[in-house]
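As a plain string of letters, each chain reads:
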Amino acid sequence: MSELQPVLTVKDLKVHFKKSPGYFKPVERVKAVDGVSLELRPGETMGLVGESGCGKSSLGRAIIRLIHPTEGTIDIGGTNFLALKGGALRRARPSIQMVFQDPYASLDPRMTIQEVLAEPLNAHLRLSSEEKNRRIQKIISAVGIPKTAVHKYPHEFSGGQRQRIAIARALILEPKVLIADEPVSSLDVSVQAQILNLMKDLQREMNLAMLFISHNLAVVRYISHRLAVMYLGKIVEAGESREIYKNPLHPYTRALISAVPIPDPKLERSRTRIVLTGEIPSPVNPPSGCTFHTRCPYAVEKCRTTPPELLSFNGSPQLVRCPEIGRIPRQ
Amino acid sequence: MGEVLHVRDYRAYFHTRRGIVKAVDGLNFNLSAGETLGIVGESGSGKSVFLLSLLGLLPKPPLRIESGSAQFGGMDLVTASEDTMRSIRGNKIAMIFQEPMTSLNPYLKIGTQLIEPLMIHRNKTKDEAFKIVKGSLLKVGIGDPDRALNAYPHEFSGGMRQRVMIAMALTTHPEILIADEPTTALDVTVQAQILELLKSIQKETGMAVILVTHDLGVVAGVADRCLVMYAGKLFEQGSVDDIFYRSQHPYTHALLKSTPRLDKALAALPSIAGTAPDLSKLGPGCPFDARCEYVKEECRNSFPTAKRTEEHESFCHLEKLP
């Protein structure tokens, strides 16, 4: 897979929000995303995990330009996506699409499914109405919604079916890149599996590059080839998903993985948990040095002062932002 | 250990203009002191309606308890008067909810809210109550109780708010703590902290805990026994090992198989086809019939009776799960 040229390349992306704490106080900067680089190849899913406030959603939204990045570059299929304006930007948008978490909020309640799906086509392509209908029929059967349902409204569908419609809307323009922000988090387990399988199948068929943002590490393990773990706006560990789950290196990744409950009582009884103290610090005043040092059980003086780099571990493709790995005992 | 709650044939229906919604339809279980009972079910399975109606927290009408009893401390919670219920709620049976932000009053200081149960149920003076509450806050891991008492809920993070809710629930030394999705809104690292906290408090006080959740991992980690509910019906109950390793019900089985696992690289995830049924349009049969891969003619006509092996109880027409 790695021989392929990346279809999405993000370099040093920063999203800083300005926040005014009060009229006479200086403006604070919330560093939601603070220097993230990643690459996505066709047919590849990258899982992006982290706790709330780590910047994973801001990163997704910035890549698709729903919010404007403060710094950095985004390259989609060879074009500098951030430099585009007006018509050129509109023409580039079909190549990158998004699926949101809440299928109740992301579909307009006053539009029929036909209208929901026709909107991206009308905005981006000039198609005859027969061609439009053909495309709508095709995508709707691909996501498993009966063709006769196109004249229904979103409220007539269940949560899982709505998410299928939202996926159809994102894929009807045949994008190269799909950003999915917590697409199964609001769904019940039995429906969640359906949607995950649907996304996996469609991704394979359409050779999509997918960024799958989620807080659920078990879900991400099932769907992603590669994995990036974020903490306070920075990627702290990245690499092949299989490798990271087998052998997490960064203390945060280890704690995160050990905190996820596994539906297996005997295993749960025998597990030793790394319980982190405290909660994720505010991204307004992130801790100095390594931003994880306030919760890290292995922090030493150097961690408080020197911000670590995201580096390859022993020459492997696994990247980790912690110079002290060698010192940390293996589980 | 002694039995603290004894629920028999509990049925709670909503009477609406569009028909009767059988939210809870025949629930039987016992709860012993010191035990954690997990109630698992997807949205609409009736798990929250059961607990809220048990404590008399749902308006009647539209809700009506059609039948059943819930024996607690020598009385029946179903027939108890509103005055009796008020003396039990937040006292002998305490509850914590999913959203700690919405269950705390944003206008009142934490301290004011925390001393309320003690002043109402234990006739304590303000000063006495504050003293007790400080102890509770320390117990739930809030290091600076004086500062916490003078803070407003918005000054706290989600995890801290849930700690405050637990502290509030503990001030009256309840016999039963009902936790309705207590960690669903929290991050996993904070969830781990809160679950550890609940376990250690339970060990110390010997209270019984009813933990409602849709997360099978949480149940596997903290519960002793487990109920599986679907569309208002009890499908299966038993020890967690019965449920996770010796499940006799196709729904439980399918649910476990369709849950992504952190510890395994799964090549395929078998999903359950279809969606949960409309509770107002249920027939006489098993509500899982349309989604079940082993469905038979009798499944559509009647709901099965219990098959029992010791503590393990399952409601399915199948003789044995293949």
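That block above? That's the structure.
Residue numbers run consecutively from 1 along every chain, following the written order of its sequence. Written order determines the labels here, with chains lettered from A and ligands numbered from 1. Selection of residues for local features in this predicted model requires a pLDDT of at least 70, selection of side-chain atom pairs for listing and counting requires 80 or more, and totals for whole chains, interfaces and linings are taken over all residues. The side-chain figures draw on all heavy atoms in the structure; neither hydrogens nor water molecules are used.

Draft legend 1. View of the sheet that holds strand 4 (residues 63-72) of chain B. Residue and element names in this part refer to chain B. Within the open sheet, the four strands sit side by side as 2-1-4-5. Their pairing is antiparallel. One side of each edge strand has no neighbouring strand; the edge strands of this open sheet are strand 2 (19-32) and strand 5 (75-76). Being paired, for any two strands, means DSSP has found at least two bridges between them. Helix and strand assignments follow DSSP, with helices taken as H or I runs no shorter than four residues and strands as E runs no shorter than two, numbered in order from the N terminus. Here strand 1 (residues 3-16) runs beside strand 4; their pairing, made up of eight bridges, is antiparallel. By the bridge assignment for strand 4, R11 is matched with S67. We call two residues contacting when some pair of their heavy atoms lies within 4.5 Å. Each axis is a line fitted through C-alpha atoms, taken for helices only over the stretch in contact, and angles between the N-to-C directions span 0 to 180 degrees. Sitting on the sheet, helix 1 (residues 47-54) touches strand 1, strand 2 and strand 4, and the angle it makes with strand 1 is about 105 degrees.

Draft legend 2. Inspection of the sheet that holds strand 2 (residues 28-40) of chain A at higher detail. Residues and elements named next belong to chain A. The four strands lie next to each other as 2-1-4-5, forming an open sheet whose pairing is antiparallel. In this open sheet, the two edge strands, each paired with only one partner strand, are strand 2 and strand 5 (79-80). Helix 1 (residues 56-63) rests against strand 1 (8-19), strand 2 and strand 4 (71-76) of the sheet, and its axis sits at about 115 degrees to strand 1.

Draft legend 3. Main features of the nonpolar core. Core analysis: the largest hydrophobic core is formed by 67 residues, its most contacted members being A:I167, A:M199 and A:F212. By residue number, the principal contributor to this core is helix 6 (residues 189-206) of chain A, which donates seven residues. Here A:F212 is in contact with A:T45, A:M46, A:G47, A:L48, A:A180, A:P183, A:V184, A:L196, A:M199, A:V219, A:V220 and A:I223, once residues within four sequence places are set aside. To qualify as a nonpolar core, a set must consist of buried Ala, Val, Leu, Ile, Met, Phe, Trp, Tyr and Cys residues joined through side-chain atoms within 4.5 Å. Relative accessibility thresholds used throughout: buried, under 20% of the residue-type maximum; exposed, over 50%; partly exposed, between the two (1.4 Å probe, protein chains only). With 61 residues, the next largest nonpolar core counts B:M95, B:A208, B:A223 and B:Y230 among its residues.

Draft legend 4. Representation of the packing of helix 3 (residues 113-124) of chain A against helix 5 (residues 159-171) of chain A. Residues and elements named next belong to chain A. Taken N-terminus to C-terminus, the directions of helix 3 and helix 5 make an angle of 25 degrees; their axes are 8 Å apart at the nearest point. Taken together, the axes of helix 3 and helix 5 lie roughly parallel to each other. Like other packed secondary-structure pairs, helix 3 and helix 5 cross with a definite hand, here right-handed. Residues I113, V116, L117 and P120 of helix 3 touch helix 5, and the partners they reach there are I165, A168 and R169. By residue class, the composition of the contact of helix 3 with helix 5 is six nonpolar, no polar and one charged. Angle categories: roughly parallel below 35 degrees, roughly antiparallel above 145, roughly perpendicular from 65 to 115, and oblique for all the rest. Should the near helix be turned anticlockwise from the far one by less than a right angle, the crossing is left-handed, and should it be turned clockwise, the crossing is right-handed. Classes in brief: Ala, Val, Leu, Ile, Met, Phe, Trp, Tyr, Cys and Pro nonpolar; Asp, Glu, Lys and Arg charged; the others, Gly included, polar.

Draft legend 5. Fine view of the pattern of salt bridges. Salt bridges, as used here, are contacts in which a Lys or Arg side-chain nitrogen is within 4 Å of a carboxyl oxygen on Asp or Glu. In this structure the tally under the stated criterion is 33 salt bridges over all chains. Between A:E174 and A:K138 there is a salt bridge, with the nearest N and O atoms lying 3.9 Å from each other. You can see A:E174 sitting in the loop between helix 5 and strand 7 (177-181) and its partner A:K138 sitting in helix 4 (residues 129-142), a full 36 residues away along the chain. The salt bridge involving A:R327 is made with A:E324; its shortest N-O contact spans 2.6 Å. With a relative accessible area of 43%, A:R327 lands in the partly exposed category. Given the relative accessible area of 11%, A:E324 is considered buried. Bridged by salt links that share partners, the residues B:D9, B:R11, B:D25 and B:K233 form one connected network.

Draft legend 6. Quick look at the state of the cysteines. The definition used for a disulfide is geometric: two cysteine sulfur atoms within 2.5 Å. Counted according to the given criterion, the structure contains zero disulfides over all chains. Unpaired in terms of disulfides, A:C54 finds its nearest cysteine sulfur in A:C290, a separation of 15 Å. A:C54 sits in the buried class, given a relative accessible area of 0%. In this structure B:C286 is a free cysteine whose sulfur lies 6.3 Å from that of B:C299, the closest cysteine sulfur available. Accessibility expressed as a relative area gives 11% for B:C286, which makes it buried.

Draft legend 7. The arrangement of helix 1 of chain A in detail. All names here are of chain A. The buried fraction of helix 1 amounts to six of the eight residues, a majority that puts the element mostly inside the structure. Every buried residue of helix 1 is listed here: K56, S58, L59, G60, A62 and I63. Positive phi shows up at R65, right after helix 1, with a value of about 65 degrees.

Draft legend 8. Expanded view of the pairing of strand 9 (residues 226-231) of chain A. All names here are of chain A. Counting buried positions along strand 9 yields six of six residues, so the element is predominantly enclosed. The side-chain alternation of strand 9 yields two buried faces, one formed by R226, A228 and M230 and the other by L227, V229 and Y231. Pairing analysis gives six bridges linking strand 9 to strand 10 (residues 234-240), with the strands arranged antiparallel. Note on strand 10: the bridge partner recorded for L227 is G239. Linking strand 9 back to strand 10 in an antiparallel pair, the connection comprises two residues, with L232 at a positive phi of about 45 degrees.

Draft legend 9. Structural detail: the interface of chain A and chain B. With 40 residues of chain A at the interface, the matching set in chain B holds 45 residues. Accessible area, probed at 1.4 Å, shrinks when two parts are joined; the buried area is that loss added up over both. Summing both partners gives a buried area of about 3,500 Å² for chain A against chain B, and 58% of it is carried by carbon and sulfur. Ranking the residues of chain A by area buried against chain B places A:V189, A:P263 and A:E279 at the top, with a combined share of 18%. Where chain A meets chain B, there are two salt bridges. Notably, a salt bridge pairs A:R269 with B:D241, separated by 2.6 Å at the nearest N-O pair. We call two N or O atoms a polar contact when they sit within 3.5 Å, provided that within protein one can donate a hydrogen and the other can accept it, with sequence-adjacent residues counted only if both atoms are side-chain atoms. In this structure, the connection of chain A to chain B is made through 17 residue pairs in polar contact (both at pLDDT 80 or more). Taken together, the elements giving at least two residues each to the side of chain A that touches chain B come down to helix 6, helix 7 (217-223), helix 9 (251-259) and helix 10 (265-270) of chain A. The element best represented in the side of chain A that touches chain B is helix 6 of chain A, accounting for nine residues. The class makeup of the residues in the side of chain A that touches chain B is 20 nonpolar, eight polar and 12 charged.

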